[in-house]
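# An overview of the molecular structure
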Amino acid sequence: MSAAHEQRSRRVDLARLAGGQVVQVWSNTEFRGTGFLVSAETVLSCAHVVVGSVPFHVRTVDGRMIPVEVARAFPARHDGGLLYPFPDLAALRLTEPLDGLGVWLDDADPAPGDEVVVHGFSATTPDTGIHPDTLRLSVVGVSGRFLRLQGDQVVGGFSGGPVLNIGTGRICGVLKASREESGSLGGWLVPLEAVRDCLPRVVERNADAHVPGTPWRNVASGVHARQVRLFGRGRSAGADGLTPAQYLSRHVLTFFPRPELEQLEQWCNSESDWLLRLLHAPGGSGKTRLATELCTRMRRSGWLAGFWNEDKENDRLEELNSALTARIPALVVVDYAQARMDDVVALTQSVAQCGPVRPRLRVLLLGRSDRPLWHALTTRLGDLLPPGSAVESLPRVIDTQGTGGEFSVTAAFTQFAKMRGRPGMIPPGALLSHAAHQDSLLGILALALDAVLTEERGGFWQPSDDPLEAVCAHELRVCQEKLTAHMPGDTEFTGPSGTERSAGLLLIATLAPGISPRKLAALLGRVHAGAFGGTRTPNLHGFVACLQELHPALGGGIAPLEPDRLAEALTRRVFASPEASGDADGYLSAVLGARPGQDDAGRVAAAVETVEALARARGCTVVGRIDHHDSYPVLDSALETAIASSPAVLLPALVTSIGVLPNAEPLARLMVPVLECCAESLLEALEPLLPDYPSSMSAVSEIVLRRLLAASGSLLDEPAQFRRLRRLSAYGLRVLDLGDVETAVDAARTAAALAGSLVERSDSYAADYAAALSRLSFLLERSGSEAEALRYSHQAIDLYDGLLEEPDGRRHTLVAAAALSRLAELRILNGQVHSATADAARSVMLCRTAPPSVRQEDTLLACLEMLAVCQQRTGALADAVASDEEAIARLRELALHQPGRYLDRLPDGLYRQASGLLMANRLRDGYIALREAAVLAASLAGWDDTRPGKRRMWMNALIKLSGEIAEFVGEQADWRERLAAAP
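Treat the numbers as computed from the prediction; the structure is a model and nothing was measured.

A few words now on the overall build of the protein chain. Within the protein chain one finds 42 helices and 17 strands. Over its C-alpha atoms, taken along the principal directions, the protein chain stretches across nearly 100 × 85 × 75 Å. Here the protein chain, with 983 residues, has 54% of them falling under the buried criterion. Considering only intrachain contacts with a sequence separation of at least 6, the fraction spanning at least 24 residues in the protein chain is 69%. Accessible area for the protein chain stands at about 41300 Å²; split by element, carbon and sulfur atoms hold 52% of it.

Okay, structure coming up:
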């Protein structure tokens, strides 16, 4: 929709809204003027319209006659002059309230030059009698305490009408004409400031009524047009209806209610200005469908809500900021967040520059896992990450009516069968039992769809080990049928070999998404030449035309195969089949190769998308991961060949893609041979892309940093020395990820020495020196050198104390607190319990006074826990209990809002609290805390795997305590049973 069309549509809607709220004011049989609804029971007009003591009534646009009372008039009486005195306002109370909210009053008076429109009634239309009429005017400026209007002639009957500011879309005042309207003296506007002064409660109630989502607010704010500009119009099915894959990706089934939707809706409606949340779950768990339903609900409430696509990024950021500045709330969903880090950073930076208006924004990130994605996100955003940002995991399968996946699969089968024109189809008996073995909601839906598609073709359904592979086979069958019908003379796509050939070509639209049909046909030609050289070239333009019909995208393009787990199944099928991928090296090299008009940056960006899709298919995920597959050796070999031939493109793409993916070590290993011998310039280009957190890329980071450190030499200027310091620090942490503590300590020693020499040149390096000493202390303690670690920790604190005294010292407060807590821990190990307690108490104090940041809660929590330990060691047991109680209260609050990040830490915190309570001889309270720890740990999947034997130790303690505390003797047998059943 063009801007001009949008403006015309908005004017029409505003005219409809304003025209529906005006009423005629009558005294007996005399028409006196116009009024307009500001609520269901209140009409606003001019005082001179209702002067006198005669009964009044109003006539609505649908002809209803309703008596009214003059509730207030300002002034109450006329002074006898030519014009009724300022402010000439009256509020009328309807004896029968009407439906609706009334007009939406503006926040400010109009400015000179603003275009306004007045809706009212007059006897001067071509029709006989009193009829709706409209004036188009503009604001001239101040006229006494009124505002002067010019334009169309203000004729009798318009007084008391609403003045609509076309710019804001809201009512900016009340029209006033002469007292004797038979002779026009022009028009004035009673400003809103006067309405607010005279009728403050009326204005306040009007503002409260027009919440986001109400019709007038939506039209005035241009919500619909903004929604389309920000998030698009959605997409339609193919020309022949839905393909099997689209039944799973287009959300065609009834949405199964799940509690997470209510929780997310509450999150959106919370009072915070703007929040960010990562919702993570394995592929196929229903994240996208849940977010789609959330967007639908929020749009009904007047929010802008949708999925953040990758095109026209800058234009959309400007549009979003414009909406937020206009106080329109927005929900932005970023799917595949692990591949959209740059988009998330750009979005966050843009919102931070939104201006003085506090934006009401929710950013919902969807990802398959939180690690290392959340670490990467918090590192890149730093203090730009809004306080209250949270991580939440989503259950893999909906538990509907207490039946796990059974209700879901039965309902899905019935709905799929009805959509396919088979409403009477009965679910196979084996369907329910096999649904229980699926690892995700998508698996359950795929199982049901496979059963329907198989039985509608007259086949006998047998459950597949992987129902997604079965649906993939159905998708290929539909594709092949379409190709055969459109190109009956092309034998390349007939028979079993034709199915495999079409699979290999179909995958290209997923590995190279977003390109035009013409470019896709050219790419298919290069893939065919590279993978199937010497064979007859099929009709690729015809193939692309079929794909456009089967998988249409907005703008006439071709959509990639979705859901992504189905695309992963197709990827594995293609690379496991020589008939589908041909020469796999040539196939992948052609996909990743340069395209006409594409520069190096464009090649890297395109390769990132391809590599990310390949990585998921290769098992770089959590649930749904296939450890071994026939396609893996073929895919690895092809990717290794591509890396060797185009390292400047593939290495940056791989580092960018897999640095935020779990279980990506197999792909990282493919990079090693080239990294060990590539040019130093390429290593320097890769360095800024390396993750600065533990990840699958740690081995790659170690090689890049080791080689750069070796190449830097010893005679360096000051900037080069500082770069070397940063590299040494990063190198030490990455080799620690790989388990090489000794090398990590050596790197940290070198870094500390280098930082010391830099600080001798300039005090500006003091913070870097303190950080280097603190890091060295940490690594020394890990290596068992506690005395030496304590010495360096002291030196770090001395530096931080100096930094805290500087004018901008507050920015160092949080890192100084963490360093003090580390010093307290080392003092405890050294037996210096009282000094440790003093350091720990000071660390807590620093945390409380630190500037707000995303790391503040974590640091304060750790400092409180250390303080409690120190207080226990000094015998200050009551103080220790108080510190533990505060730590647990904070941990509970964090676990409530960010369960995926904090919930599995709560049992350990409760155990520490229980230990302190027992030491203070508060046996009952200690038992209750330890009992909660054991019960909670048992409910958390995988908790025992990371803490072997800990829960058994707790249950042994509970058995002993329950025997000693009479109140809990009856629980002892239960704890014995739990202990016997524990792993």
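The term disulfide refers to a covalent linkage connecting the sulfur atoms of a pair of cysteines. Applying the stated criterion to the full structure yields 0 disulfides. Summary of cysteine pairing: Cys172 is not part of a disulfide, and the nearest cysteine sulfur, belonging to Cys46, is at 13 Å. Classification of Cys172 as buried rests on a relative accessible area of 0%. Counting only cysteine sulfurs, Cys46 is the nearest neighbor of Cys198, a cysteine outside any disulfide, at a range of 12 Å.

Moving on, we get to the sheet that holds strand β12 (residues 187-191). Reading around the circumference, β7-β8-β9-β12-β11-β10 is the order of the 6 strands in this closed barrel, with antiparallel pairing throughout. Between one strand axis and the next, the sheet turns through 45° on average, direction left out of account. Pairing geometry for strand β11 (residues 170-176) and β12, over 4 bridges, is antiparallel. When the sheet's bridge partners are listed, Val174 is paired in β12 with Val190.

Overall, the coordinates contain 56 salt bridges when judged by the stated rule. The salt bridge partner of Arg706 is Glu676, with a shortest N-O separation of 3.2 Å. Placement of Arg706 in helix α28 (residues 698-711) and of Glu676 in the loop between α26 (665-675) and α27 (680-686) is noted, with a sequence separation of 30 residues between them. What makes Glu676 partly exposed here is its relative accessible area of 38%. Salt-bridge contacts for Asp908 lead to Lys950; the nearest nitrogen and oxygen are separated by 3.1 Å. With a gap of 42 residues between them, Asp908 in helix α38 (residues 906-919) and Lys950 in helix α41 (residues 950-964) connect regions that are remote in the sequence. A cluster of three or more residues bridged by salt bridges with shared partners is formed by Arg368, Asp564, Glu568, Glu612 and Arg616.

Okay, the layout of surface pockets next. If you add up the space inside the second largest pocket, you get close to 820 Å³. Along the wall of the second largest pocket there are 32 residues; nearest its centre are Thr168, Arg217, Ala220, Ser221 and Gly222. Of all the secondary-structure elements, those providing two or more residues to the lining of the second largest pocket are α1 (3-19), α3 (200-209), α4 (215-220) and α5 (223-231). Considering each element in turn, the lining of the second largest pocket owes the most residues, 6 residues, to α1. By residue class, the composition of the lining of the second largest pocket is 11 nonpolar, 10 polar and 11 charged.

Note the cis peptide between Phe74 and Pro75, where omega equals -10°. Secondary-structure assignment places Pro75 in the loop between β5 (65-74) and β6 (89-94). Residues other than glycine seldom take positive phi values, yet Asn28 does so here, at roughly 55°. Judged by its relative accessible area of 48%, Asn28 falls in the partly exposed class. Of note, the phi angle at Tyr336 is positive, near 50°, even though the residue is not glycine. Note on Tyr336: relative accessible area 27%, which makes it partly exposed.

On to empty space enclosed by the protein. Inspection of the entire model under this criterion finds 6 cavities of 30 Å³ or more. In this structure, the largest cavity spans a volume of roughly 60 Å³. Taken together, 10 residues form the lining of the largest cavity, with Gln246, Ser249, His551, Pro560 and Glu562 sitting closest to its centre. A breakdown of the residues in the lining of the largest cavity according to their chemical character gives 4 nonpolar, 3 polar and 3 charged.

Let us look at the packing of helix α18 (residues 517-531) against helix α22 (residues 584-592). The interhelical angle for the contact between α18 and α22, taken along N-to-C directions, is 155°, at an axis separation of 7 Å. The orientation of α18 relative to α22 falls into the category roughly antiparallel. Our pair here, α18 against α22, has a crossing hand that is right-handed. Listed contacts from α22 to Leu523, Arg526, Val527, Gly530 and Ala531 of α18 are Gly586, Tyr587, Ala590 and Val591. Its residues assigned to classes, the contact of α18 with α22 comprises 6 nonpolar, 2 polar and 1 charged.

With that settled, consider the packing of aromatic side chains. Applying the stated rule across the entire model yields 10 aromatic pairs. Judged by centre distance (6.3 Å) and plane angle (70°), the rings of Phe231 and Trp308 are edge-to-face. Taken together, the positions of Phe231 in helix α5 and Trp308 in the loop between β14 (304-307) and α9 (313-325) put the pair 77 residues apart, joining distant regions of the chain. Of the two residues examined, Phe231 and Trp308, each falls in the buried class. Put simply, the rings of Tyr911, Trp943 and Trp954 touch in pairs and so form one group of aromatic residues. Its end group placed over the ring of Tyr632, Arg618 keeps NZ or CZ at 4.2 Å from the ring centre. If you follow Arg791 out to its NZ or CZ, it ends over the ring of Tyr792, 5.0 Å from the centre.

A few words on the pairing of strand β8 (residues 131-143). Relative to β8, strand β7 (residues 115-122) is paired through 8 bridges, and the arrangement is antiparallel. Note that in β8 the partner of Val117 across the bridge is Arg136. Two elements, β8 and strand β9 (residues 146-151), share 6 bridges in a ladder whose sense is antiparallel. Residue pairing across strands places Leu137 opposite Gly151, the latter belonging to β9.

A few words on helix α19 (residues 540-550). Those residues of α19 that sit buried are Leu540, Gly542, Phe543, Val544, Cys546, Leu547 and Leu550. The elements touched by buried residues of α19 are α6 (244-249), α15 (467-486), α16 (495-506) and α18. The N-capping residue of α19, defined by a side-chain oxygen 3.5 Å from the backbone nitrogen of His541, is Asn539.

Here we take up the environment of Leu261. Relative to the helices and strands, Leu261 is located in helix α7 (residues 259-268). Those residues in contact with Leu261 that sit more than four places away from it in its chain are Phe255, Leu290, Glu293, Leu294 and Arg297.

Let us look at the nonpolar core. Among the nonpolar cores identified, the biggest contains 192 residues, and Tyr587 and Met671 are the most heavily contacted of them. It is helix α14 (residues 441-456) that provides the largest number of residues to this core, a total of 11 residues. Those residues within four positions of Met671 in sequence are excluded, and the remaining contacts are Ile643, Leu651, Leu654, Val655, Ile658, Met697 and Val700. Among the nonpolar cores identified, the runner-up in size contains 51 residues, and Val117, Leu164, Val190 and Trp216 belong to it.

Spatially, 5 strands are ordered β14-β15-β16-β13-β17 in an open sheet, and the strand pairing comes out parallel. At either margin of the open sheet sits one strand with a lone partner, and together these are β14 and β17 (390-393). Averaged over all pairs of adjacent strands, the angle between their axes in this sheet comes to 15°, without regard to strand direction. In this sheet, strand β16 (residues 361-367) lies alongside strand β13 (residues 274-280) in parallel orientation, the contact comprising 7 bridges. Along β16, the bridge assignment pairs Arg277 with Leu364.

Conventions we followed
- Residues numbered from 1 in each chain as written.
- Predicted model: local features only at pLDDT ≥ 70, side-chain atom pairs only at ≥ 80, totals over all residues.
- Heavy atoms only, no water.
- Helix = DSSP H or I, 4+ residues; strand = E, 2+ residues; numbered from the N terminus.
- Buried < 20%, exposed > 50% of the residue type's maximum accessible area, 1.4 Å probe, protein only.
- Contact = heavy atoms within 4.5 Å.
- Areas by Shrake-Rupley, 256 points an atom, 1.4 Å probe, with all protein chains shown as cover.
- Disulfide = S-S within 2.5 Å.
- Pairing = 2+ DSSP bridges.
- Axes fitted to C-alpha atoms, helices over the stretch in contact; angles between N-to-C directions.
- Salt bridge = Lys/Arg side-chain N within 4 Å of Asp/Glu carboxyl O.
- 1 Å grid on protein atoms, 1.4 Å probe; cavity = no way out; pocket = protein on both sides within 12 Å on 5 of 7 lines; lining within 4 Å.
- Points joined across faces, edges and corners; volume = space filled by probe spheres on them.
- Nonpolar A, V, L, I, M, F, W, Y, C, P; charged D, E, K, R; others polar.
- Parallel < 35°, antiparallel > 145°, perpendicular 65-115°, else oblique.
- Left-handed = near helix turned anticlockwise from the far one by under 90°.
- Phe/Tyr/Trp six-rings, centres within 6.5 Å; stacked < 30°, edge-to-face > 60°.
- Lys NZ or Arg CZ within 6 Å of the ring centre and 35° of its normal.
- Polar contact = N/O pair within 3.5 Å; in protein donor to acceptor, adjacent residues only side chain to side chain.
- Core = buried A, V, L, I, M, F, W, Y, C linked by side-chain atoms within 4.5 Å.

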